[in-house]
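Now for the letters of each chain:
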Amino acid sequence: MTPQPRLLEPRSEAELRERQRRGELRVCTGAAFREQVAAEGLETAYAAIDVVVAANAEFTDQASLLLGLGPSDPPIRVREFRLGGVAGQGGSGATDLVLPIGGGLSDPNHRGGAQVLADLLAGAELPLTASGEATPLHPRRELESRLSLERIGSGRLLLHRGISENGVVAVSSAEGLTRSPLGPLLGPYTTALYSCGGSASIGLTMPGLSLLGPGSPVLVGGALGWALGPGSGHNPAPRRLPSGHARVPGAACALAVDLQGLRPAWVRATHFEGHGSGLLVGVAAPVPLLDLAVARQAAARDHELEAPVLDFSIPRRIKPSFGCVPYSQLLAGEIQVDGRKLRCAPSHSPRIAAEIAAELVAQLRDGRFPLRLPLAPLGERPGLIPLEG
């Protein structure tokens, strides 16, 4: 038997980190890798590339701001507060604040936590009013102040569902306009919105989010962030294609990032009528090509990947499904559902995803971004346990 060529043998984390230390790490975007596979074959492309970069830029309201402030004089133990006109709750410490990103549905100015974050990142100073419960060590009951990013000692953005393995395609069977978390839909069966970038996305480049877990470094909004563990709605065992790619939203990963390094161009505040505030966040992750199996999954093209089509006009936990459509049709701008042709558009930003992917490629090449495998896998416990009542 002919021995396996050295270039096709599996790679270790230590080997890739040593290549990065020497300035020899071979990195490219997922799109460039797939082009190389199409032109030269999988084995040649694998031999030439060490790490592929995938990226998302999706909308989310499943996020929180965690703001750690210093003590006032006299001290206050905050229980409720308003920052920039948006309500939040006191956290575990005396002046640890928690502000949800979503909300603002009934606010005439369409303000939620996402808009507060955008103001802070833009350098604004926002009014802060807080109330607390008096204790011997925290006698103050009320506080009025102003807060800017520079005056926040410890500020973090927590993305409860920072990365998900796949997305959905939203349609509406109802007459007229249907408001959805992905944006407005025209019905019956006139337009469609899809939430995932297909082969360029992190979850469809890395099935099962298998190389993400606690301790994994991720580029979030231009800043160094970290994977925390399973995210909201984590589903480690979804229906999968023979290639291992999820056919529906599957595994999910929670992320955390310090506010001070975020770039406003890659963290955008949004407001969807009928749904409320949210963020459009660019996230990029390295996918180390540890072996040919990982490379083969990273090389999957849009016509080989698919997303489920769901009727968002039905406000039920389990929405009517019209099967799955390939991402090649979604990217072409038209799909067929139940014999009808629907125009479709992305409910995400391919441009921001491409920009932050290019940024991570550059940081990996010159050693500014750490290359690490997770301390532990995301885990097999599902997060989608129905709430009965």
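The sections below set out a description of the structure shown in this document. (Residues numbered from 1 in each chain as written. Predicted model: local features only at pLDDT ≥ 70, side-chain atom pairs only at ≥ 80, totals over all residues. Heavy atoms only, no water.)

## Considering the pattern of salt bridges
Point 1. Taken as a whole and judged by the stated rule, the model has 21 salt bridges.
Point 2. Linking Asp119 and Arg111 is a salt bridge whose minimum nitrogen-to-oxygen distance equals 3.0 Å.
Point 3. With a relative accessible area of 23%, Asp119 lands in the partly exposed category.
Point 4. Of the charged contacts in the structure, one is a salt bridge between Arg368 and Asp366, with a shortest N-O distance of 2.9 Å. (Salt bridge = Lys/Arg side-chain N within 4 Å of Asp/Glu carboxyl O. Buried < 20%, exposed > 50% of the residue type's maximum accessible area, 1.4 Å probe, protein only.)

## Quick look at the sheet that holds strand S10 (residues 169-171)
Point 1. One open sheet accounts for 6 strands, arranged S20-S19-S10-S13-S22-S21; its pairing is mixed. Where the open sheet ends on each side, the last strands, each with one partner, are strand S20 (321-326) and strand S21 (334-337). Taken pair by pair, the neighbouring strands of this sheet meet at an average axis angle of 35°, ignoring direction.
Point 2. Relative to strand S13 (residues 191-194), S10 runs antiparallel, the two being bridged by 2 bridges. Across the sheet, the residue bridging to Ala170 is Leu193, located in S13. (Pairing = 2+ DSSP bridges. Helix = DSSP H or I, 4+ residues; strand = E, 2+ residues; numbered from the N terminus. Axes fitted to C-alpha atoms, helices over the stretch in contact; angles between N-to-C directions.)

## Observations concerning helix H4 (residues 113-121)
Point 1. With 7 of its 9 residues buried, H4 lies for the most part within the structure.
Point 2. Along H4, the residues classified as buried are Gly113, Ala114, Gln115, Val116, Leu117, Leu120 and Leu121.
Point 3. Note on H4: the residue one or two positions beyond its end, Gly123, has a positive phi of about 95°.

## Looking at the packing of aromatic side chains
Point 1. Tallying each qualifying case throughout the model produces 2 aromatic pairs.
Point 2. Here Arg11 stacks its cationic end above the ring of Tyr46, 4.0 Å away from the centre of that ring. (Phe/Tyr/Trp six-rings, centres within 6.5 Å; stacked < 30°, edge-to-face > 60°. Lys NZ or Arg CZ within 6 Å of the ring centre and 35° of its normal.)

## Comments concerning the side chain of Ser172
Point 1. Along the chain, Ser172 falls in the loop between S10 and strand S11 (176-178).
Point 2. Residue Ser172 is classed as buried on the basis of its relative accessible area, which comes to 0%.
Point 3. Engagement of the side chain of Ser172 in a polar contact is seen with the side chain of Thr178, the distance being 2.8 Å.
Point 4. Discounting chain neighbours no more than four positions away, the residues touching Ser172 are Thr178, Leu185, Leu186, Gly187, Pro188, Tyr189, Asp311 and Ser313. (Polar contact = N/O pair within 3.5 Å; in protein donor to acceptor, adjacent residues only side chain to side chain. Contact = heavy atoms within 4.5 Å.)

## Brief notes about the environment of Leu342
Point 1. Looking at the secondary structure, you find Leu342 in strand S22 (residues 340-346).
Point 2. Owing to a relative accessible area of 0%, Leu342 belongs among the buried residues under this scheme.
Point 3. Once the C-alpha coordinates of Leu342 and Thr191 are considered, the two residues, 151 residues apart in sequence, prove to be 5.2 Å apart.
Point 4. Excluding its chain neighbours within four sequence positions, the residues that come into contact with Leu342 are Val171, Tyr189, Thr190, Thr191, Ala192, Gly333, Glu334, Ile335 and Val337.

## Description of helix H8 (residues 350-365)
Point 1. Taking 1.5 Å per residue, 16 residues should reach 22 Å; H8 reaches 23 Å between its end C-alpha atoms and fits that length.
Point 2. Looking at H8, one finds that the buried residues are Ile352, Ala353, Ile356, Ala357, Glu359, Leu360, Val361, Gln363 and Leu364.
Point 3. Buried residues in H8 make contact with helix H1 (13-21), strand S1 (27-29), strand S2 (51-60), strand S14 (217-220), strand S17 (267-272) and strand S18 (276-288).
Point 4. Residue Gly367 follows H8 closely and has a positive phi angle near 80°. (Expected span 1.5 Å × (residues − 1).)

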